[in-house]
Structures are given as structure tokens and as C-alpha cells.
Amino acid sequence: MVYILLAPGFEEIEALAPADLMRRAGLEVALVSVTGEAQVPGSHNISVTADCTLDQVEPGKCRLLMLPGGMGGVNGIKASAAALKLVETIHGQGKPVAAICAAPTILGQLGLLDGKQAVCYPGLEDGLTGAQVPAGQRVVVDGEIITGQAAGSSLDFGLTLIETLLGSEKAEEVRKSVYYR
């Protein structure tokens, strides 16, 4: 199961484009409401119905945990002790944790980027505590940490998550199926 954490103000494209691509690849993906509300409003007033709530997440069944950006959503995750504990638990199990846009700052806050390469939304690099920030990269994979730059990187980010879990052939198959160049 891939879990994607949603808090009010999340960046819709950064959550939904990767979710769509991963489901096309045959992965089980659950959109998780951090607040417990079924409807989670995004940063551009698109409400999404979550598949489950944070207390329903089963860390043992998690293959990858994903954190979309959007300052409201990121701040909502940072304000949730349970969400932060889940990030630490999944990381502690050696499973991939992926974050895009402003969300890599959550990983920096938790000390999970020490000695890692990571990217984020330009201007938020100070929040990547302990990380090296390579110039010109849209998506960076460094061990179990996967980071993406911004909304415009959402498809590349989603395809990288597929490649991480299912291999490059499956990622290429999905890329071709949506005619992404």
C-alpha cells in the first residue's frame, strides 16, 4: 500500500498526479486524511475524498509514504504529532518516504535528510536541514528518501515512485500510456 497524506491546503496536482500514475501501474494507493475529515480541501479549492484516516493507516502494509506540498497541507502535517510519528516509523522501517515541493521541509525538520541529497520548492532550501541540494534537479532519489521540486515536477515524481516500487520497465509503460514525453 502507498499512503499519501492529505491535510487542508495540500497541493492538488502534487498529490493526485502521482496517485493517478501509481494506480495506473497497479499499485494500491490510499489518500489519507490527516485531520480525520472525509473531505480534504486542497490549496486551489478542489476537495478530495480521502480513502481513510490517519488512524487507519497500517505501517506494516506500507510500501511507500508520500507527502505532497502546499503550505497549508505541509503545515497541517507538521502540526500533527501522529502524522510526524508515521513519517518517522516508515522511515525507521527502511521504507521509502517521498516528499515534493514544500513537503521535504518536513523531512528536514525530523532530521531525516542528514547527509542526503534533496530538492524542494525554490526558496525553501533552508528547511532541508542536513541535506545537500543539487542544482537543476526536478526529482532526487537518495536511498529511501525521494524528493521532488514543485508542482511542475509531479509527473516525473510519480513516475520515479513507480520506478522505485516496480522498476523502470513499469514506469516506462505508464509514461507511454499517458503520452508523457
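Reading guide: rules and limits
Residues numbered from 1 in each chain as written. Predicted model: local features only at pLDDT ≥ 70, side-chain atom pairs only at ≥ 80, totals over all residues. Heavy atoms only, no water. Helix = DSSP H or I, 4+ residues; strand = E, 2+ residues; numbered from the N terminus. Rg over C-alpha atoms; globule rule 2.2 N^0.38 Å. Buried < 20%, exposed > 50% of the residue type's maximum accessible area, 1.4 Å probe, protein only. Contact = heavy atoms within 4.5 Å. Areas by Shrake-Rupley, 256 points an atom, 1.4 Å probe, with all protein chains shown as cover. Lys, Arg positive; Asp, Glu negative; His and termini not counted. Charge placed at Lys NZ, Arg CZ, Asp CG, Glu CD. Pairing = 2+ DSSP bridges. Axes fitted to C-alpha atoms, helices over the stretch in contact; angles between N-to-C directions. Disulfide = S-S within 2.5 Å. Polar contact = N/O pair within 3.5 Å; in protein donor to acceptor, adjacent residues only side chain to side chain. Parallel < 35°, antiparallel > 145°, perpendicular 65-115°, else oblique. Left-handed = near helix turned anticlockwise from the far one by under 90°. Nonpolar A, V, L, I, M, F, W, Y, C, P; charged D, E, K, R; others polar. Right-handed = clockwise from strand over helix to strand, strands pointing away.

### Quick word on the overall build of the protein chain
Within the protein chain, the regular secondary structure consists of 6 helices and 9 strands. Against the 2.2 N^0.38 benchmark of 16 Å for 181 residues, the protein chain shows a C-alpha radius of gyration of 15 Å, consistent with a compact globule. When the backbone C-alpha atoms are referred to their principal axes, the protein chain occupies close to 40 × 35 × 35 Å. Residues classed as buried in the protein chain amount to 51% of the 181 residues present. Sequence-distant contacts, at least 24 apart, represent 64% of the contacts inside the protein chain between residues at least 6 apart. Carbon together with sulfur atoms contributes 49% to the accessible area of the protein chain, which is approximately 7900 Å² in total. Looking at charge distribution, the protein chain has the averaged site of its 13 positive side-chain charges lying 6 Å from that of its 20 negative ones.

### Some thoughts on unusual backbone geometry
Positive phi outside glycine occurs at Asn45, with the angle close to 60°. Within the secondary structure, Asn45 sits in the loop between strand E3 (39-41) and strand E4 (47-49). The residue Cys101 is not glycine, and still its phi comes out positive at about 70°. Positionally, Cys101 belongs in the loop between strand E7 (97-100) and helix H4 (104-109).

### Here we look at the sheet that holds strand E5 (residues 52-53)
Taken together, 7 strands build an open sheet; the order of strands is E5-E2-E1-E6-E7-E9-E8 and the sheet is mixed. Only two strands of the sheet have a single partner each, and these edge strands are E5 and strand E8 (139-142). Judged from the 4 bridges that link them, E7 and strand E9 (residues 145-148) form a sheet pairing that is parallel. Across the sheet, the residue bridging to Ile100 is Gly148, located in E9. Sitting on the sheet, helix H3 (residues 81-92) is in contact with strand E1 (2-6), strand E6 (64-67), E7 and E9, with an inclination near 140° to E6.

### Section: the state of the cysteines
Evaluated as defined, the whole model comprises 0 disulfides. Between Cys62, a free cysteine, and Cys52, which holds the nearest cysteine sulfur, the sulfur-to-sulfur gap is 11 Å. Among the residues examined, Cys62 registers a relative accessible area of 3% and is labelled buried. Cys120 takes part in no disulfide bond, and the closest cysteine sulfur to it belongs to Cys101, at a distance of 8.2 Å. On the accessibility criterion, Cys120 (3% relative accessible area) is buried.

### A short note on the side chain of Thr147
Looking at the secondary structure, you find Thr147 in strand E9. At a separation of 3.0 Å, a polar atom in the side chain of Thr147 contacts the main-chain amide nitrogen of Val119.

### A closer look at the environment of Phe157
Examined against the element boundaries, Phe157 turns out to sit in helix H5 (residues 154-166). Separated by 88 residues in sequence, Phe157 and Gly69 have C-alpha atoms that sit 12 Å apart.

### Quick word on the packing of helix H1 (residues 12-24) against H5
Packing of H1 against H5 leaves a shortest axis separation of 8 Å and a crossing angle of 40°. In terms of orientation, H1 lies oblique with respect to H5. H5 is crossed by H1, and the crossing has right-handed handedness. Contacts between H1 and H5 involve Ile13, Glu14, Ala17, Pro18, Leu21 and Met22 on the former and, on the latter, Ser154, Leu155, Phe157, Gly158, Leu159, Leu161 and Ile162. For the contact of H1 with H5, the residue count by class is 10 nonpolar, 2 polar and 1 charged.

### A few points about the pairing of strand E2 (residues 29-33)
Within E2, 5 of the 5 residues are buried, which leaves it mostly tucked inside the rest of the structure. On E2, burial covers both faces: Val29, Leu31 and Ser33 on one face and Ala30 and Val32 on the other are all buried. Regarding topology, H1 serves as the crossover connection from E1 to the parallel E2, and that connection is right-handed. Sheet analysis places E2 next to E5, joined by 2 bridges and oriented parallel. In the strand pairing of E5, Ser33 is matched with Thr53.

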